[in-house]
Amino acid sequence: MLEIGLASFVSFFVIVDPLGTSAVFSALTSGAPAQERRMIAVKAFVIATLLLVLFGIGGKFLLLKVGISLDAFRVAGGLLLFVTAFRMLMGFHDKKKLESSENCYSDNSSVAIFPLAIPLLAGPGCMTSVILNMSSTPIFYEKIVVMFAMVLVQILALFAMLTAGKITQILGDSAASLLARLMGILLASLSVQFVADGTKSLFGI
């Protein structure tokens, strides 16, 4: 059970990247009052957590209804995770790029929903991970452990957003960028593993 919880926590932590998300949050809410920043962070946390819980509970059923096998979803999810990892490695979440007027994240009309809740806290990668982790644990209490790991990572992300200013001061932009790239390497490795496992099962290798 501990192994399942640890594996789930690591996969969620790498995908969500709380420190990287805090840098994004800091860039997007730099001009907002402290109280509004807190409200945005809490709203993003609630939306993302509820969305992932729903996907964790009903995701496999939804796949069956539309005729998608879990192995096919594992391959597709692995490819999506690799795209996320590639963007992290290429500096997609760098503060300077987020502040650029050409960036699609520069619209602050509802940053709690987009891009904080979706796709940063509960994007395709995280949805894929929660479905795969829940599907690979047939025992009920193991599913609870997976859900707990997911919620714990979301809480860490919320804490990181609420303390974004202090984290940026402590780490600095360079250290935060380096950390995001290291997370990207781990996520890329995880995505390749998903694709490999799914391919083996699909073709009976």
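Moving on, we get to unusual backbone geometry. One non-glycine residue with positive phi stands out, namely Asp17, at about 50°. Asp17 sits in the buried class, given a relative accessible area of 4%.

Our next topic: helix H2 (residues 18-28). Burial within H2 is extensive, with 10 of its 11 residues counted as buried. Residues of H2 that are buried include every one of Pro18, Gly20, Thr21, Ser22, Ala23, Val24, Phe25, Ser26, Ala27 and Leu28, and no others.

Further remarks concern the nonpolar core. Within the largest apolar cluster, 44 residues are counted, with the highest numbers of intra-cluster contacts made by Phe12, Phe25, Leu52, Leu116, Leu121 and Met161. Among the elements of the structure, helix H1 (2-16), H2, helix H3 (34-65), helix H4 (70-89), helix H6 (112-121), helix H7 (124-135), helix H8 (140-162) and helix H9 (164-203) are those that each provide at least two residues to this core. Those residues in contact with Phe25 that sit more than four places away from it in its chain are Arg37, Ile40, Ala41, Leu116, Met161 and Ala164.

With respect to the helices and strands, Ile47 occurs in helix H3. Given a relative accessible area of 27%, Ile47 falls into the partly exposed group. For the pair Ile47 and Leu116, spaced 69 residues apart in sequence, the C-alpha to C-alpha distance is 9.6 Å. Excluding anything up to four places from it in sequence, Ile47 contacts Ile113 and Ala117.

Where H3 contacts H7, the axes come no closer than 8 Å and their chain directions differ by 65°. Judged by the sense of rotation from one axis to the other, the crossing of H3 with H7 is right-handed. The residues of H7 that touch H3, namely those facing Leu51, Leu52, Phe55, Gly56, Gly59, Lys60 and Leu63, are Cys126, Met127, Val130, Ile131, Met134 and Ser135. Each residue belonging to the contact of H3 with H7 can be placed in one class, and the counts come to nine nonpolar, three polar and one charged.

Rules behind the numbers
Residues numbered from 1 in each chain as written. Predicted model: local features only at pLDDT ≥ 70, side-chain atom pairs only at ≥ 80, totals over all residues. Heavy atoms only, no water. Buried < 20%, exposed > 50% of the residue type's maximum accessible area, 1.4 Å probe, protein only. Helix = DSSP H or I, 4+ residues; strand = E, 2+ residues; numbered from the N terminus. Core = buried A, V, L, I, M, F, W, Y, C linked by side-chain atoms within 4.5 Å. Contact = heavy atoms within 4.5 Å. Axes fitted to C-alpha atoms, helices over the stretch in contact; angles between N-to-C directions. Left-handed = near helix turned anticlockwise from the far one by under 90°. Nonpolar A, V, L, I, M, F, W, Y, C, P; charged D, E, K, R; others polar.

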